[in-house]
Amino acid sequence: YVDVQTFNILMFDIFKMRGTAYRPWGHQQYEYDTLKVLFQFAERWCAIHGLSDEESSDYNYKLTLWVVSRIMLYLND
């Protein structure tokens, strides 16, 4: 639900992706520094709550991304 600028920050600066089938859709706008803080908070939240991949105790970006998405939905309300 983010705008084009935020989508590009996520894709190129956060995830280091060259391309994706996903497209921006929405009006939420965040700067790089804010997104970085959200991801750092989500990583700590997952670690505190013992959330990890079912097959490995290693870091799981999908769970972190889910936590960030829930925070963003909350901030949008």
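Residues numbered from 1 in each chain as written. Predicted model: local features only at pLDDT ≥ 70, side-chain atom pairs only at ≥ 80, totals over all residues. Heavy atoms only, no water.

**Section: the packing of helix H2 (residues 32–48) against helix H3 (residues 61–76)**
Moving on, step 1. Put simply, H2 and H3 touch, their axes get as near as 8 Å, and they point 120° apart. Put simply, H2 runs oblique to H3. In this structure, the crossing between H2 and H3 has a hand that is right-handed. Every residue of H3 that contacts H2 at Leu-35, Leu-38, Phe-39, Phe-41, Ala-42, Glu-43, Trp-45 and Cys-46 is listed here: Leu-63, Thr-64, Leu-65, Val-67, Val-68, Ile-71 and Met-72. (Axes fitted to C-alpha atoms, helices over the stretch in contact; angles between N-to-C directions. Helix = DSSP H or I, 4+ residues; strand = E, 2+ residues; numbered from the N terminus. Parallel < 35°, antiparallel > 145°, perpendicular 65-115°, else oblique. Left-handed = near helix turned anticlockwise from the far one by under 90°. Contact = heavy atoms within 4.5 Å.)

**Remarks on the nonpolar core**
Moving on, step 1. With 15 residues, the main nonpolar core has Val-2, Leu-10, Leu-35, Leu-38, Val-67, Val-68 and Met-72 as its most contacted residues.
Moving on, step 2. Where this core is concerned, the elements lending two or more residues are helix H1 (4–14), H2 and H3.
Moving on, step 3. With five residues, H2 is the largest single contributor of residues to this core.
Moving on, step 4. Every residue in contact with Val-2, bar those within four places of it in the chain, is listed here: Phe-7, Leu-10, Pro-24, Trp-25, Gly-26, His-27, Gln-28 and Met-72. (Core = buried A, V, L, I, M, F, W, Y, C linked by side-chain atoms within 4.5 Å. Buried < 20%, exposed > 50% of the residue type's maximum accessible area, 1.4 Å probe, protein only.)

**So, a nonpolar patch on the surface**
Moving on, step 1. On the surface, Tyr-1, Trp-25 and Leu-73 cluster together into a nonpolar patch covering about 390 Å² of accessible area.
Moving on, step 2. Structurally, Trp-25 can be placed in the loop between H1 and H2. (Patch = residues over 30% accessible without salt bridge, like charges linked within 9 Å, V, L, I, M, F, W, Y side chains within 5 Å. Areas by Shrake-Rupley, 256 points an atom, 1.4 Å probe, with all protein chains shown as cover. Salt bridge = Lys/Arg side-chain N within 4 Å of Asp/Glu carboxyl O.)

**Here we look at the packing of H1 against H2**
Moving on, step 1. Running from N to C, H1 and H2 point in directions that differ by 65°, and their axes come no closer than 10 Å. With respect to the hand of their crossing, H1 and H2 are arranged in right-handed fashion. Counting all contacts with H1, which are made through Thr-6, Ile-9, Leu-10, Asp-13 and Ile-14, the residues of H2 involved are Tyr-32, Leu-35, Lys-36 and Phe-39.
Moving on, step 2. Across the contact of H1 with H2, the residue classes tally to six nonpolar, one polar and two charged. (Nonpolar A, V, L, I, M, F, W, Y, C, P; charged D, E, K, R; others polar.)

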